[in-house]
Amino acid sequence: MEMDSNSNTFCVACRESIKPGASVCPHCGSGQSRSLWQKVSGPLKWIGGILTVFSLIAGVKSLNDNYRHWQQQQDALEELVGAAQWLVETEDYRQAWDMYSRADALSPGSTLVRRGQYSMAIDWIRDFSVAKDEAGEVLDDLTSALYRSLPGASDDEIATVLAHVAKLQGFRLYYEVPVFVDAEKLLARALASSQDNVYANAYLAELLLLKRPMEPDYINRAQQHFRTALAHPENRGWVRDMQVTRLASLASNSGYRDELGRSAMKAFLETAREMMSAGEPLPDPKLRLELLQSYRHLGRGDRIEAFVDVIPPLDHLAVNAWLRQGLEDRLRGNPADAAQQDYLVARLTEASGDTERALAMYQALSEVEASNQNLNDQVDRAIERITGTKPARALARNFVDDPVDREQPGAFHRQTLLNFNPLWRTENFQQALAYFTGDLSASMPGLQELIAIMPDVLKRIQARLVEGDERARYDSYDAGFSIVHHDLVRENWADVMLLYGAALRVSGQQDQAIAVFNDTLDFAKSLDDRFQGQAARSAYQLALTYSQRALTTGQQQDRHEAISQLQAALDLGLIRNNLADWSGLKSEAFKALKDEPAYSDLIRGR
């Protein structure tokens, strides 16, 4: 009980006015006498309240600190994921994966990170590339990210995951890292989960076209799976690119006489016809060029013949014209290439029933001199097929396999040398070499006529040799002039030079012969070991020529040169490769050397 300055008394509890000396408050019923506890409880209550306030302040601060840390972590996580997504947009997948890995370390199990890694793995696998030393780790990481997305996934999502894991097995093979599962079985499991899944169908189709040994049935099965995958509009472009790339590669590199080659070309042309009809974009120019060039295997026409009827000729004509768009200059880079393209169109035109138009095309082709002989034969047969008579060209010499004129063999073989195709070692060309080298002597009929035509013969070969060297310099070999053609031109040039030099030698023109043989030897030595035979023969001919000249001049230098070249010929494999025998080295051809000790040492005991 308390009193104010006016002697008023107030309740200790409710603070209402009460009578002085009252022991109980009539307002609230509280006792007015204060125990020791009551005397100290007030201050204690204030102290407790103050402590509670401080505790609340400390708690709030702790919560604020925790929230601020969590918020900073979330901000960092979102920044890393955002950076990864931006890198994915720019197709910098390797850096994007590093960003996702840092985000995963910051917040293990984050749904945002897991979904981002899964989505990125799908994109990256479509165009996968990584340094070889990183391949194993990256492929393991991608596989893990795919499998982590399986819990709670739908049947179609499961099929997508399994299909991409299967695709990764192909990359494992490519980068030579361990393969853990059978890709084909995994794709079968994916299709069992979702039969229409775009990825499972596309990747299985691709795998079927990569199987070796290839079988026509694999091509048919692959086309069925591609059709299922193409039914998904959002992925149609990607699936189509995969389809035409694999089919074009298979059609370009398969044989053309067997069922497999025809099946591959048919599948590609049917796919191209479907794309053309649907107004889809043209395939990549490089891919189209590879496919179109595959028609003209080594410049020959027989591959065209094998493919004429794989689809209806009119369709084939239309598809061929569609595929050629923008490629004419490259497809007709030289007369031989142009002839191949024109023959293909003419043959398809004939097959479609328009024989009159086809005949005009064939007749124009018959006047093209740059065509491959095999193609020329195809053109001549086509003209005979339509008209019933052989064209004039077919009745004339082809300088390939004409029957030898027994009455005038020398003139026949000289005409061969003047007209044969330097890109080939034809039967007639080899017959001419054998005829002139077999009995070459000063008394041989037509020797001077042979020497007279040699500059023209060599000029024709030299022109193709220069072309081959230019192609080698810029790596521009093609079916019309391949690396095989280049080597044949080199071999033909060396053999004709050896014949020319030998003809000069037997006619007594030693100085000119030595110049020719030296050129031939330098040429053969500039090439690889395949031309060592020509080098040995050149050195041997030089030895013969110097020995012959020594008889005329009596010069010791000629004898020394003869012995030196003879030793060089032996070192190059003259005897070892059966290009000459010891009886020839001991013959009268080397009588100028009989008193030379070095020569005696060479032939001693032989």
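All values derive from a computational prediction rather than experimental measurement.

Right, let's get into a negative patch on the surface. On the surface, Glu89, Glu91, Asp123 and Asp127 cluster together into a patch of negative charge. Structurally, Asp127 can be placed in the loop between α3 (111–126) and α4 (135–148).

Inspection of every chain in the model, using the stated rule, returns 13 aromatic pairs. Note on Tyr203 and Trp238: the rings are 5.7 Å apart at their centroids and 80° apart in plane angle, and the pair reads as edge-to-face. One end of the pair, Tyr203, is in helix α7 (residues 198–210); the other, Trp238, is in helix α9 (residues 236–253), and 35 residues separate them in sequence. You can call Trp238 buried: its relative accessible area is 15%. Judged by centre distance (6.0 Å) and plane angle (50°), the rings of Tyr540 and Phe590 are tilted. Highlighted residues: Tyr540 in helix α24 (residues 532–553) and Phe590 in the loop between α26 (582–585) and α27 (597–603), separated in sequence by 50 residues. Like Tyr540, the residue Phe590 is buried in the burial classification. Among the aromatic residues, ring-to-ring pairing joins Tyr93, Trp124, Phe128, Phe171, Tyr174 and Tyr175 into one connected group. A cation over an aromatic ring shows up here: Lys211 above the ring of Tyr218, its NZ or CZ 5.1 Å from the ring centre.

Right, let's get into the side chain of Gln243. Tracing the chain through its elements places Gln243 in helix α9. The buried category is assigned to Gln243, whose relative accessible area is 3%. Ignoring anything within four residues of it in the chain, the contact list for Gln243 reads Gln223, Phe226, Leu230 and Thr271.

Moving on, we get to the pattern of salt bridges. Two side chains that carry opposite charge are able to pair once their charged atoms sit near each other. Throughout the structure, instances matching the rule amount to 31 salt bridges. Note that Glu206 is salt-bridged to Arg246, the shortest N-O span being 3.1 Å. Taken together, the residues Glu206 in helix α7 and Arg246 in helix α9 connect sequence positions 40 residues apart. With relative accessibility at 6%, the residue Glu206 sits in the buried group. Overall, the relative accessible area of 29% leaves Arg246 in the partly exposed class. When the shortest N-O distance is used, the salt bridge between Asp342 and Arg332 registers 2.8 Å. You can see Asp342 sitting in helix α15 (residues 335–351) and its partner Arg332 sitting in the loop between α14 (328–331) and α15, a full 10 residues away along the chain. One salt-bridge network, in which partners are shared between bridges, spans Arg236, Arg240, Glu274 and Glu280.

To continue, consider the nonpolar core. Counting 103 residues, the largest nonpolar core has Phe128, Ile219, Phe268 and Tyr295 as the members making the most contacts within it. Formed by 59 residues, the second largest nonpolar core is a distinct cluster that contains Leu450, Ala513, Ala569 and Leu574.

This paragraph deals with the packing of α4 against helix α5 (residues 155–175). Two numbers describe how α4 lies on α5: the axes approach to 10 Å, and their chain directions differ by 170°. Our classification of the angle between α4 and α5 gives roughly antiparallel. Between α4, through Ala135, Leu139, Asp140, Leu142, Thr143, Leu146 and Tyr147, and α5, the contact on the second element is made entirely by Val161, Leu162, His164, Val165, Leu168, Phe171, Arg172 and Tyr175. The residue makeup of the contact of α4 with α5, split by class, is 11 nonpolar, 2 polar and 2 charged.

Let us now look at the environment of Leu186. Tracing the chain through its elements places Leu186 in helix α6 (residues 183–193). When its relative accessible area of 13% is taken as the criterion, Leu186 is described as buried. Taking the C-alpha atoms as reference points, Leu186 and Ala200, 14 residues apart in sequence, are found 9.2 Å from one another. Contacts of Leu186, omitting those with residues within four sequence positions, involve Tyr147, Leu162, Val165, Ala166 and Val181.

Looking along the chain, the bond that leaves Arg212 and enters Pro213 is cis, with omega of 0°. As for its position among the elements, Pro213 is in the loop between α7 and α8 (216–230). Positioned with a positive phi, Phe399 is a non-glycine residue whose angle comes to about 60°. Structurally, the position occupied by Phe399 is in the loop between α18 (392–395) and α19 (409–419). Although it is not a glycine, Asn578 sits at a positive phi angle of roughly 60°. Structurally, the position occupied by Asn578 is in the loop between α25 (556–571) and α26.

With respect to the helices and strands, the residue Val379 is situated in helix α17 (residues 373–387). For the pair Val379 and Gln363, spaced 16 residues apart in sequence, the C-alpha separation works out to 8.1 Å. Those residues in contact with Val379, other than ones at most four positions away along the chain, are Tyr343, Tyr362, Leu365, Ser366 and Arg393.

Another aspect to go through is the packing of α3 against α5. Describing two packed helices takes the angle between their axes plus the distance from one axis to the other. Where α3 meets α5, the axes come as close as 11 Å, and the angle between the chain directions of the two elements is 45°. When the interaxial angle is binned, α3 and α5 end up oblique. When you trace α3 past α5, the crossing you get is left-handed. In this structure, α3 uses Tyr118, Ile122 and Ile125 to contact α5, whose residues at the interface are Glu157, Thr160, Val161, His164, Lys167, Leu168 and Phe171. Looking at the contact of α3 with α5 residue by residue, the classes come out as 6 nonpolar, 2 polar and 2 charged.

What counts, and at which threshold
- Residues numbered from 1 in each chain as written.
- Predicted model: local features only at pLDDT ≥ 70, side-chain atom pairs only at ≥ 80, totals over all residues.
- Heavy atoms only, no water.
- Patch = residues over 30% accessible without salt bridge, like charges linked within 9 Å, V, L, I, M, F, W, Y side chains within 5 Å.
- Areas by Shrake-Rupley, 256 points an atom, 1.4 Å probe, with all protein chains shown as cover.
- Salt bridge = Lys/Arg side-chain N within 4 Å of Asp/Glu carboxyl O.
- Lys, Arg positive; Asp, Glu negative; His and termini not counted.
- Charge placed at Lys NZ, Arg CZ, Asp CG, Glu CD.
- Helix = DSSP H or I, 4+ residues; strand = E, 2+ residues; numbered from the N terminus.
- Phe/Tyr/Trp six-rings, centres within 6.5 Å; stacked < 30°, edge-to-face > 60°.
- Buried < 20%, exposed > 50% of the residue type's maximum accessible area, 1.4 Å probe, protein only.
- Lys NZ or Arg CZ within 6 Å of the ring centre and 35° of its normal.
- Contact = heavy atoms within 4.5 Å.
- Core = buried A, V, L, I, M, F, W, Y, C linked by side-chain atoms within 4.5 Å.
- Axes fitted to C-alpha atoms, helices over the stretch in contact; angles between N-to-C directions.
- Parallel < 35°, antiparallel > 145°, perpendicular 65-115°, else oblique.
- Nonpolar A, V, L, I, M, F, W, Y, C, P; charged D, E, K, R; others polar.
- Left-handed = near helix turned anticlockwise from the far one by under 90°.

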